[in-house]
Amino acid sequence: MSIQSDASLLSMAAIVDDNLSRLDEREPAALQLRLNGRELSYYGKAVSISTTSSKRNRKLKKAIEEEMAAGRLPPGAGELIVEWGPLDGPRDRFLMVEHEGKRNFINVKLKGPRAKKGKGPGREQVFVTGTCLFGKHGVRATTDRGNTLHLCSPSEMRNATAQTHGVIENLDFMDGLHGYEVQSTLLRQGALSWCGSEQVFFNAPFIPYVLYGRGALERGLLNRRTFLDYVDRLAARVQDVIDYERGVAECAVVPLDPLYPFLDDLLDTDRTLEDFVRRLVAHDPWWGAYLGEDTVEDFESLGFASYVKVYHDLLSAPGDIDLWAVEMQEEMRIMKIAYAAMRDGKLSIPKGNNRTLGLYPFVQVVSPNAEGQCNMAFYSEEYGRRDLAREILERATRSVPKAIVRDAQSTLIDLERRRSAGAQTHAEAAEPLRARLPFSQAAGSAS
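This write-up is about the structure you can find in this document. Since this is a predicted model, take the numbers as computed values, not measurements. (Residues numbered from 1 in each chain as written. Predicted model: local features only at pLDDT ≥ 70, side-chain atom pairs only at ≥ 80, totals over all residues. Heavy atoms only, no water.)

So, on to the overall build of the protein. If you tally the helices and strands in the protein, you get 15 helices and 19 strands. Every one of the 447 residues in the protein was classed for burial, and the buried ones make up 56%. (Helix = DSSP H or I, 4+ residues; strand = E, 2+ residues; numbered from the N terminus. Buried < 20%, exposed > 50% of the residue type's maximum accessible area, 1.4 Å probe, protein only.)

Size it by volume and the largest pocket reaches roughly 1,200 Å³. The wall of the largest pocket is formed by 35 residues, among which Cys132, Pro154, Tyr212, Phe304 and Arg333 lie closest to the centre. Those elements that provide at least two residues to the lining of the largest pocket are α3 (154–158), α6 (206–218), α10 (285–291) and α11 (301–315). (1 Å grid on protein atoms, 1.4 Å probe; cavity = no way out; pocket = protein on both sides within 12 Å on 5 of 7 lines; lining within 4 Å. Points joined across faces, edges and corners; volume = space filled by probe spheres on them.)

Counted at 1.5 Å a residue, the expected span for helix α14 (residues 402–420) with its 19 residues is 27 Å, and the 27 Å between its end C-alpha atoms agrees. For α14, the secondary structure elements touched by its buried residues are α5 (179–195), α7 (224–248) and α13 (389–396). (Expected span 1.5 Å × (residues − 1). Contact = heavy atoms within 4.5 Å.)

Right, let's talk about the sheet that holds strand β13 (residues 168–173) for a bit. Strands sit in the order β12-β11-β13 across an open sheet of three strands; the sheet is antiparallel. Looking at which strands have only one partner, the edges of the open sheet turn out to be β12 (148–150) and β13. Averaged over all adjacent pairs, the angle separating strand axes in this sheet is 30°, with direction ignored. Running over the sheet, α7 touches β11 (139–143) and β13 and is turned about 10° from β13. (Pairing = 2+ DSSP bridges. Axes fitted to C-alpha atoms, helices over the stretch in contact; angles between N-to-C directions.)

Attention now goes to the environment of histidine 312. Looking at where histidine 312 falls in the secondary structure, it is placed in helix α11. Residues histidine 312 and tyrosine 339, 27 residues apart in the sequence, show an inter-C-alpha distance of 8.7 Å. Aside from chain neighbours lying at most four places away, what touches histidine 312 is Trp286, Met342, Leu347 and Ser348.

So, about the packing of aromatic side chains. Tallied over the entire structure, the rule returns 14 aromatic pairs. Ring centres of tyrosine 42 and tryptophan 84 lie 5.8 Å apart, and the angle between their planes is 50°; this geometry places the pair in the tilted category. One end of the pair, tyrosine 42, is in strand β5 (residues 41–42); the other, tryptophan 84, is in strand β7 (residues 77–84), and 42 residues separate them in sequence. Relative accessible area serves as the criterion here: at 1%, tyrosine 42 is assigned to the buried category. One aromatic cluster is present, formed by Tyr42, Tyr43, Trp84, Phe94 and Phe362 through successive ring pairs. The ring of tryptophan 84 carries lysine 45 above its face, with NZ or CZ at 4.3 Å from the centroid. The side chain of lysine 111 reaches across the aromatic face of tyrosine 339, ending 5.9 Å from its centre. (Phe/Tyr/Trp six-rings, centres within 6.5 Å; stacked < 30°, edge-to-face > 60°. Lys NZ or Arg CZ within 6 Å of the ring centre and 35° of its normal.)

The next point concerns unusual backbone geometry. The backbone phi angle of asparagine 36 is positive, close to 50°, even though this residue is not glycine. Mapping asparagine 36 onto the fold places it in the loop between β3 (34–35) and β4 (38–39). Owing to a relative accessible area of 35%, asparagine 36 belongs among the partly exposed residues under this scheme. Positive phi is not limited to glycine here, since tyrosine 43 has a value of about 50°. In this structure, tyrosine 43 sits in the loop between β5 and β6 (45–51).

Judged by nonpolar contacts, the single largest core of 139 residues is most densely connected at Leu73, Phe206, Tyr230, Leu359 and Phe362. The contacts of tyrosine 230, once residues within four sequence positions are left out, are Val139, Leu151, Cys152, Leu171, Phe173, Tyr209, Val210, Tyr212 and Gly213. (Core = buried A, V, L, I, M, F, W, Y, C linked by side-chain atoms within 4.5 Å.)

What follows deals with the pattern of salt bridges. If you walk through the whole model with that rule in mind, you get 30 salt bridges. Residues glutamate 300 and arginine 219 are paired through a salt bridge, measuring 3.2 Å at the closest nitrogen-oxygen approach. One end of the pair, glutamate 300, is in the loop between α10 and α11; the other, arginine 219, is in the loop between α6 and α7, and 81 residues separate them in sequence. The exposure class assigned to glutamate 300 is buried, which follows from its relative accessible area of 17%. Exposure remark for arginine 219: the relative accessible area of 30% places this residue in the partly exposed category. In this structure, arginine 278 engages aspartate 275 in a salt bridge whose closest nitrogen and oxygen atoms are separated by 2.5 Å. (Salt bridge = Lys/Arg side-chain N within 4 Å of Asp/Glu carboxyl O.)

This brings us to the side chain of arginine 93. Tracing the sequence through the fold places arginine 93 in strand β8 (residues 92–99). According to the relative accessible area criterion, arginine 93 is buried, its value standing at 13%. A polar contact of 2.7 Å, which involves the side chain of arginine 93, links it to the side chain of asparagine 57. (Polar contact = N/O pair within 3.5 Å; in protein donor to acceptor, adjacent residues only side chain to side chain.)

Turning next to the pairing of β11. Every second residue of β11 is oriented toward a common face, the buried set being Val139, Ala141 and Thr143 and the non-buried set Arg140 and Thr142. With five bridges joining them, β11 and β13 adopt antiparallel strand pairing. Each bridged residue has a counterpart across the sheet, and for arginine 140 the counterpart in β13 is aspartate 172. Here β11 runs beside β12; their pairing, made up of three bridges, is antiparallel. The residue of β12 that forms the bridge with alanine 141 is leucine 149. Hairpin connection from β11 to β12: four residues lie between these consecutive antiparallel strands, with glycine 146 at a positive phi of about 80°.

Structurally, arginine 419 is set in helix α14. Judged by relative accessible area, which is 34%, arginine 419 ranks as partly exposed. For arginine 419 and aspartate 240, which are 179 residues apart along the polypeptide, the C-alpha to C-alpha distance reads 9.8 Å. In this structure, arginine 419 is in contact with Gly176 and Asp240, ignoring residues within four places of it in sequence. A polar atom in the side chain of arginine 419 sits 2.8 Å from the side chain of glutamate 416.

Below, the structure written as structure tokens:
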């Protein structure tokens, strides 16, 4: 194969091209992609290709072509499908779409009543997207016993105790934007440029990540001083992510965080988890409906609930709305969980003809290891946490308009200059940066 094994980052489009000669178009069965003799996987799931011959593939193509015919997506559906999942089990499918010389693989999921052709008079097109921050190893913590913990890794922190690991004394935030943050913005904004969006609600998870620290504080792994330092440094990180998103976007970006009004409650370290949940429910009945009578196990679990709230609030706004959820493929579960909560009666079903269109581009750039395993965490962990932004942008040019890549490059340079200039620290500021983040207070009020 022409792709070299020593390449740290590879274009998914290039990997697909390298495997096309092995695909028998007469045989609809999926062909697993291979890289230098190794089977390719992404987040532990196989990546394969097939044509639109199979019934399931034709169904996806028809759904996407209907949106293209209605003018909600640009034309350019191909015959090739990328499948993600076990070859002997359920898989998510992504149809190849070529537009203005750029190739992407996308999935479209429709929830709610089918819309007529065209956007129609009075139908509002609302766009929402979101991101994670810097990968689970982006904040490295050192304890008083010399142990290392990763504060934003829920699976690791869930099993950590002060008795076993010690109390966190120092925090090391990775420099520069993580490869995930760089690439996911390119995917989102590239897809939004197809739709002609003028504004997008951006679910930037400041408080969900504050909750990681608050949970560690509750379990005795953090003291109050280190927790407040974490929150301030996290605020700077979120500000960088918002500024990068705005610098790349061709439309207006409105950051959202439904839990942002409760920041002071979280900073009050005398409040318990039970106190905080009661405060949420008293403020907004939505939380009581969604959480129900189940006991909330930890602070961290409230973060994902806030993502669901953004979807439901926007979908519940008055009028006839097409809510476009433009996310990376890992976030497809948010819509599923929101609709499951409505189906089960936990959340109200929006009135009128509102519907959701999930638009999910498949990953454009991957970082496979020697075994052919790909994971965005490798951007920082496998390569010594070095900045891979330039290489990601170079590989993404096969899928993303050049103008968006140029904007990303210039914005990253501006962010680096701001860091290098030794900008005023949060402790020196008259007002903490966390209090000046540009969040709309809740999805419902923003819409």
